[in-house]
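Commentary on secondary and tertiary structure
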Amino acid sequence: MRMQSPEPQGVKMKQSILLSSALCLFAPAAFAAGPQAGSWSWSVFGGVDRPLSGDVHDGATAAVPDLGPLNPDLAGVGAELRIRSRGHDDIYGSATSYGLEFSYGIDDRSEVFGQVRRTQADKGTVQVGGAFVPALSTTLPVRGTFGDYTALTLEGGYRRYFGELGPTRPFVAGRLGATRTDAIRATFAIPDAAITIADVPFTKSKWSASAGIDLGLLIPVSEKVSITAQTGVRYVADLQGDDSAIGGLGLGSINDTGKRVSYPVSVGLRVDF
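Residues numbered from 1 in each chain as written. Predicted model: local features only at pLDDT ≥ 70, side-chain atom pairs only at ≥ 80, totals over all residues. Heavy atoms only, no water.

Take the overall build of the protein next. Along the protein, the regular secondary structure elements total 2 helices and 17 strands. For the protein, the proportion of its 273 residues judged to be buried stands at 41%. Within the protein, contacts between residues at least 6 apart in sequence are counted, and of these 71% link residues at least 24 apart. Roughly 14300 Å² of accessible area belongs to the protein as shown, and the carbon and sulfur atoms make up 61% of that amount. (Helix = DSSP H or I, 4+ residues; strand = E, 2+ residues; numbered from the N terminus. Buried < 20%, exposed > 50% of the residue type's maximum accessible area, 1.4 Å probe, protein only. Contact = heavy atoms within 4.5 Å. Areas by Shrake-Rupley, 256 points an atom, 1.4 Å probe, with all protein chains shown as cover.)

Side chains that differ in sign of charge can pair as their charged atoms come close. Under the counting rule described, the total for this entry stands at 12 salt bridges. A salt bridge links Glu 101 to Arg 159; the nearest nitrogen and oxygen atoms lie 3.0 Å apart. With Glu 101 in strand β6 (residues 95–105) and Arg 159 in strand β10 (residues 149–161), this pair connects stretches of sequence that are 58 residues apart. Per residue, the accessibility class of Glu 101 equals that of Arg 159, and both read buried. The shortest N-O distance in the salt bridge between Arg 234 and Asp 214 comes to 2.5 Å. Separated by 20 residues along the polypeptide, Arg 234 in strand β15 (residues 225–236) and Asp 214 in strand β14 (residues 206–220) bring together distant segments of the chain. A cluster of three or more residues bridged by salt bridges with shared partners is formed by Glu 101, Glu 111, Arg 159, Arg 270 and Asp 272. (Salt bridge = Lys/Arg side-chain N within 4 Å of Asp/Glu carboxyl O.)

With glycine set apart, most residues show a phi of negative sign, and most peptide bonds adopt trans. Backbone geometry at Ser 137 places phi at a positive 50°, although glycine is not the residue there. Non-glycine residue Ala 194 carries a positive phi angle of around 55°. The residue Ala 194 is located in the loop between β12 (184–190) and β13 (195–204) in this model.

Turning next to the sheet that holds β10. Spatially, the 8 strands close up into a barrel ordered β1-β6-β7-β10-β11-β14-β15-β17, and their pairing is antiparallel. Between one strand axis and the next, the sheet turns by 25° as a mean value, whatever way the strands run. Examined bridge by bridge, strand β11 (residues 169–181) and β14 share 13 bridges and lie antiparallel to one another. The residue bridging Arg 169 from the neighbouring strand is Leu 218, located in β14. (Pairing = 2+ DSSP bridges. Axes fitted to C-alpha atoms, helices over the stretch in contact; angles between N-to-C directions.)

Bringing the side chain of Arg 117 into the picture now. In this structure, Arg 117 sits in strand β7 (residues 110–121). Given a relative accessible area of 7%, Arg 117 falls into the buried group. Engagement of the side chain of Arg 117 in a polar contact is seen with the side chain of Gln 115, the distance being 2.9 Å. Only 3.1 Å separates the side chain of Arg 117 from the side chain of Glu 155, close enough to count as a polar contact. (Polar contact = N/O pair within 3.5 Å; in protein donor to acceptor, adjacent residues only side chain to side chain.)

Throughout the structure, instances matching the rule amount to 6 aromatic pairs. With 5.8 Å between their ring centres and 50° between their planes, Tyr 92 and Tyr 149 make a pair best called tilted. Linking Tyr 92 in the loop between α2 (88–91) and β6 with Tyr 149 in strand β10, this pair joins segments that are 57 residues apart in sequence. Relative accessible area serves as the criterion here: at 3%, Tyr 149 is assigned to the buried category. (Phe/Tyr/Trp six-rings, centres within 6.5 Å; stacked < 30°, edge-to-face > 60°.)

Here the focus is the pairing of β12. Among the 7 residues that make up β12, 5 are buried, leaving the element largely enclosed by the rest of the structure. Summarising the sheet, strand β9 (residues 138–146) and β12 pair through 4 bridges and their orientation is antiparallel. Counted as the bridge partner of Thr 145 is Thr 187 from β12. In this sheet, β13 lies alongside β12 in antiparallel orientation, the contact comprising 6 bridges. In the sheet register, Ile 190 faces β13, and the bridge partner there is Ile 195.

Now the structure itself:
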């Protein structure tokens, strides 16, 4: 029987070197992720902001002795407006959110940051309650259309990173600042009574306190560039009602609210320098 000669040792060594080189080429590179003491970074980000709680308006019951000023054909007919509270989730749903951030490294595990963020949701229409008309022994639906929700937020905060989780680094952050919400106008209608109060002031433009907590991951793609993914909780305090149009209907109390609690989901691009 013919025996095969053993493979030369030099050939085995060359194969090992080639295999190791191939693995190095296809294995993901390990980059340092996160802050460094005395270093700066900037980030751009965008995502969605989904309301968890908070009312756009409260509920109220108000008597309207005569609907004539709203519809001459109903002169002498009285009604009782029965408005129910409606939340941000009822009227606006998810908002888009995007912004810019600068951060400064305290050490390799923590940093402070400043952020400017814009949040916007398109106008929404919902049934806000009913108008009970004793003369007809019926309740007519009252609908409200609320203008765009647009807010500009300026916040500062502290972010703490933890040990590496595979190629990523988890972090937690806290933030505090102020949010300027643009004035909101509204249109109220009782279609079955041909009554419309169109495009009236509802809330005034106002700066309100805001705060939040973040949980996220930092994913490095090069020595200086990383991707961030995060969620958390956001809070914006009450807005300021404008009663110039609805106060005469006895509804001046419904817009003394407007706080918003939400959870954002966003991704961002971070560059360290």
